[in-house]
Amino acid sequence: MSKTLRKLTRMPLPEGWLWETFKRRFLLIDLRSFWLFIKESSLRSLMVRNGCDSKPPLNHGSVEKYSESPMSPANPFFAHGVASGEPLSDAVVIWTRVQDAVDVDWELSLSPEFDHIKAFGSCRAELENDLTINVDVTELDPFTVYYYRFRAGRHVSSVGKTKTLPASGEQRARFAQVSCAKYNAGFFNTYAAIAKRGDLDFLLHLGDYIYEASNNPPGSQTPGADIGRPFKPDHECKSLEDYRLRYEQYRSDPDVQAMHASLPIIPMVDDHEIADGAWRDGADEHDETRDGPWSLRMQAALKARSEWLPMRKNFPENPNRAYRTIQIGNLIDLLLVDTRTMRDRPAPPPEMYLESRSALGVHQRDWLYRSVESSKSRWCFIANPSVMSSTWSDSIDDKSRLALLKLKLIASNGVDPDWDQWDGYPHEREELLSVLSKKKGGLIVLSGDIHASFVFELKSGSQQLSSDPIGFEFVVPSITSQNLDDKMKWEPGTLSCEYQAALLELLPHAVWCDLDSHGYNVIDVNQDRVQVEYWHVQTVLQRSDIERMASSWKVRHGETSIERVD
Ligand SMILES: [Fe+2]
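Residues numbered from 1 in each chain as written. Predicted model: local features only at pLDDT ≥ 70, side-chain atom pairs only at ≥ 80, totals over all residues.

Helix and strand content of the protein: twelve helices and 22 strands. Classification of the 566 residues of the protein by burial places 48% in the buried group. A sequence separation of at least 24 residues applies to 72% of the contacts in the protein between residues at least 6 apart. (Helix = DSSP H or I, 4+ residues; strand = E, 2+ residues; numbered from the N terminus. Buried ≥ 20, exposed ≤ 12 C-beta atoms within 10 Å, placed from the backbone. Contact = placed C-beta atoms within 7 Å.)

Written as structure tokens, this is what we have:
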């Protein structure tokens, strides 16, 4: 884009807002289409197979500086861009933030030129919500793309694109799955890649959208990378002001803004939105005498989250409730599970084996069991922040032990299961798997949190490892949070290969894994099958638009086998 045009697009709008904006968008769309065509052509040619035995070099093409963003430039009054989320078949939440307590108009259209306005309205930005705006736009048509924008006086926001969910009868859905975006560990190339795809209905975010961590974390946490992206504030977030500033930093990132402007998000909470190792009444590093009451910290963290993410007030009587069902036509019942804010304190053996211990809490567990048992859709998806399949074995070889320790998939003492994930709640997991096993032939679990790519056959109980799986679990790698090569300072895709092989040997229910890469999954669903593609970005240590499809998997409805199809 020429400097002249860039200057033109940043000028304040003159009178006749709709007409001027139409002309501006018209010019930008042509240039953007050309830009995307060039980028897509080079990107798709890089699709290659993964696997350490035939790992292709990742240095095709060049690392890109993203000097030209495909998104229209943000007006400084709307410095944090626009976003949308929580789509339903007839509604979606649109979001922005302004610089002052003012009235803000919004409008939503079927076209990016805004020549056919579907809905519009006005609301007030309030300091008590950190000048953020969440509008639940209702009475929309199902499975329809909409464009939206905001205006405050002479200031106009960039344009966001969103989409409603399908209604009953629709036979397809296609979305992305991500987790764990640690700002000081890398650039959000994953978000940039998702933003320019254009083939996704929504983004399922499994949590750790922010990290609350300090730039100088305690020994139990991994320090950031030395790439010039320190956290703001530089200390661990504990107050409402801290969490707000951290979200503001994330939402100032151009790749975060591009992602949000391109599709709606369905978010779930993990521990780092609140504090490392969070549980119902505390967290690993939370000291009440030093940090104040845990309940106030949790409330502050979740308030900032509800302000800065496009979120519907689903449960006004219980605003902290995160678990919920999202109906995707009659194709998918998407059950979003909260394994952090309601769980009992993570505990080592022998306490961890107590039957009474819960990762879900009584109310969520009742809801989950009832939801699974009453699920009528073709597929039942569990969106599960922390890995459900076991990563434990009674006889761990040295290579597997090192990998599991570094990835925090066994306890730090090296001799016990990790009590922070589902392995730490074995009795309840067995009960849950027993309930899930009644959902014949259509069960998929989508997980995050562990910063590595895994495909698991979901099986109940180590004694039944030889039996047919009850479903399949797809664990997405992190967006940036460190994994094995990052922690070991190895070249990606080199020394880790032996450790991947060792883990696949150790865990017979693990079908595939990659311990080094960062990226996202694309989930494509129809009546007959679910297909999951693992997309890995080349690096997170600098901005890059190079990605590759590492593997692709197909699960046919009603079958107990999985097929690699890349
Ligand atoms: Fe994480």
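Next comes the rest of the account.
With that out of the way, let us pick up the sheet that holds strand 14 (residues 379-386). Strand pairing within a sheet occurs via backbone hydrogen bonds; the two strands may be parallel or antiparallel. Taken in spatial order, the seven strands of this open sheet run 12-13-14-15-17-16-18, and their pairing is mixed. Only two strands of the sheet have a single neighbouring strand rather than two, namely strand 12 (324-328) and strand 18 (510-514). The average undirected angle you get between the axes of adjacent strands in this sheet is 15°. In terms of strand pairing, strand 12 meets strand 13 (residues 332-336) through five bridges, oriented antiparallel. Across the sheet, I326 pairs through a bridge with L334, a residue of strand 13. (Pairing = 2+ DSSP bridges. Axes fitted to C-alpha atoms, helices over the stretch in contact; angles between N-to-C directions.)

Before going further, it helps to spend a moment on the packing of helix 4 (residues 240-252) against helix 7 (residues 294-308). In the contact formed by helix 4 and helix 7, the axes pass within 8 Å of each other and the chain directions differ by 35°. The two elements helix 4 and helix 7 meet at a crossing, and its hand is right-handed. Here L240, Y243, R244, Y247 and R251 of helix 4 lie close against helix 7, whose contacting residues are A300, A301, K303, A304 and W308. Among the residues making up the contact of helix 4 with helix 7, the classes are represented as seven nonpolar, no polar and three charged. (Left-handed = near helix turned anticlockwise from the far one by under 90°. Nonpolar A, V, L, I, M, F, W, Y, C, P; charged D, E, K, R; others polar.)

Attention now moves to unusual backbone geometry. Residues K232 and P233 are joined by a peptide bond in cis, for which omega reads -10°. Among the secondary structure elements, P233 is positioned in the loop between strand 10 (202-205) and helix 4. One non-glycine residue with positive phi stands out, namely F114, at about 60°. Mapped onto the elements, F114 comes out in the loop between strand 3 (103-109) and strand 4 (117-124). Phi is positive for C180, which is not a glycine, with a value near 65°. You can see C180 is positioned in the loop between strand 9 (172-178) and helix 3 (189-195).

Bringing helix 5 (residues 254-262) into the picture now. Among the nine residues that make up helix 5, eight are buried, leaving the element largely enclosed by the rest of the structure. Within helix 5, burial applies to D255, V256, Q257, A258, M259, H260, A261 and S262. Packing partners of the buried residues in helix 5 comprise strand 1 (82-85), strand 8 (160-163), helix 3, strand 10, helix 4 and strand 11 (265-267).

Here we take up the packing of helix 9 (residues 398-406) against helix 12 (residues 496-506). It is the contact of helix 9 with helix 12, at a shortest axis distance of 8 Å, that shows an interaxial angle of 105°. It follows from the interaxial angle that helix 9 and helix 12 lie roughly perpendicular. Residues K399, S400, L402 and A403 of helix 9 form the contact with helix 12, whose own contacting residues are E498, Y499, A502, L503 and L506. Of the residues assigned to the contact of helix 9 with helix 12, the class counts are six nonpolar, one polar and two charged. (Parallel < 35°, antiparallel > 145°, perpendicular 65-115°, else oblique.)

Ranked by internal contacts, the top residues of the largest apolar core, which has 144 residues, are I94, L203, F381 and A383. Those residues within four positions of L203 in sequence are excluded, and the remaining contacts are F175, A176, V178, I194, M259, L263 and I265. (Core = buried A, V, L, I, M, F, W, Y, C linked by C-beta atoms within 7 Å.)

So, about the pairing of strand 17 (residues 471-475). On a regular strand, one side chain projects to one face of the sheet and the next to the other, so that they alternate. The element strand 17 is largely enclosed, with a buried count of five among its five residues. Here strand 17 shows no split at all, with G471, E473 and V475 on one side and F472 and F474 on the other all buried. Sheet analysis places strand 15 (residues 443-448) next to strand 17, joined by four bridges and oriented parallel. In the strand pairing of strand 17, S447 is matched with V475. Across five bridges, the pairing between strand 16 (residues 453-458) and strand 17 is antiparallel. Bridging from a neighbouring strand, V455 pairs with F474 of strand 17.

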